[in-house]
Amino acid sequence: MVAGDGIELVGHVLRRCQQLHHAVWAEEVGGILTSPQYSVVHSVAAAEAEGAGPLDQHSLGVAAGLDRTTVAGVIRRLEEQGWLRRERDPRDARRRVVTLPAPSRVAVAGMAPAVLAVQERILAPLSDEERQWITDRLARLAPAGAAVQDRRPGHLIRLAQQWHTALWAEELGTLITGPQYAALSVLAGQGPAPQSVLAELAALDRSSASAVLRRLEGRGWAGRQPDPGDRRSRLVSLTEAGRALLTSVAGGVDRVQRRILEPVPPADRRRTVEVLAVVAQGD
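Below: a short report on this structure. (Residues numbered from 1 in each chain as written. Predicted model: local features only at pLDDT ≥ 70, side-chain atom pairs only at ≥ 80, totals over all residues. Heavy atoms only, no water.)

1. What to know about the packing of aromatic side chains
Then step 1. This structure, assessed with the given rule, holds two aromatic pairs.
Then step 2. Between the NZ or CZ atom of Arg271 and the centre of the ring of Trp133, over which it lies, the distance is 4.1 Å. (Phe/Tyr/Trp six-rings, centres within 6.5 Å; stacked < 30°, edge-to-face > 60°. Lys NZ or Arg CZ within 6 Å of the ring centre and 35° of its normal.)

Okay, here's the thing in structure tokens:
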């Protein structure tokens, strides 16, 4: 899915990168902790190791690059699972801080090689110079910017993708989602396609593709027709209403693209998207 200047839309590339990171994380780390959960416990452990003292919920959210609602939910789940404790700050009784029990500290240290393997795998297509370069640009794309202390590329990709979703909602509201737009754009560029091909090109998994297509058909933006080459199969096609919808939202989509790339120097914006597209292809 490309913009008018011939480069891929940054949100679509970020979503593909996030899908890759999620899959590699599951393979290397498993279900012990999700990436956001790891970021929180790692940030607590790092602050303790550096002698910075325990972090409160706000400071922990800044360090992990998570918004207030997200970090509150992550901390609550980790506390329920015994990974974290919340207690009164001995230096200020009005303040509650987050600490790691000793077993959690050991477990976090033990996860480090697997977490490093995730980052190595998702950046495998890049040179050492490109890895550092794209990590710096990803940190700019995240809403917290330079304040993010957890600079794992996979974590930064997730933060940037979340920020893109927020910007999309600001510009386009609930009219159409990013995945729905991706599917329509594929149909506009490729013509009628089997659902499996459409899902692959729009970076949708099987269940997501089915839900997206139901929504598009329900809005009259896409339809299905028999495949002339195989009457047992059906092709998904773009309707005139879908084509008109793409035209009407083009300005909002362009604004999202420009807004998320604003923190990146103008001379680096095209290369940022191009390097991320290489990452999204996997090793």
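2. Quick notes on the pattern of salt bridges
Then step 1. As enumerated under the stated definition, the model contains 17 salt bridges in all.
Then step 2. The salt bridge involving Glu27 is made with Arg121; its shortest N-O contact spans 2.8 Å. Taken as a pair, Glu27 in helix H1 (residues 10–28) and Arg121 in helix H5 (residues 102–122) lie far apart in primary sequence, 94 residues in all.
Then step 3. According to the relative accessible area criterion, Arg121 is partly exposed, its value standing at 28%.
Then step 4. The shortest N-O distance in the salt bridge between Glu170 and Arg259 comes to 2.8 Å. Residue Glu170 is located in helix H7 (residues 153–172), and its partner Arg259 is located in helix H11 (residues 240–261); the two are separated by 89 residues in the primary sequence.
Then step 5. Taking the relative accessible area as the measure of exposure, Arg259 reaches 28% and is therefore partly exposed.
Then step 6. Each member of the salt-bridge network shares a partner with another, and the members are Glu170, Glu171, Arg255 and Arg259. (Salt bridge = Lys/Arg side-chain N within 4 Å of Asp/Glu carboxyl O. Helix = DSSP H or I, 4+ residues; strand = E, 2+ residues; numbered from the N terminus. Buried < 20%, exposed > 50% of the residue type's maximum accessible area, 1.4 Å probe, protein only.)

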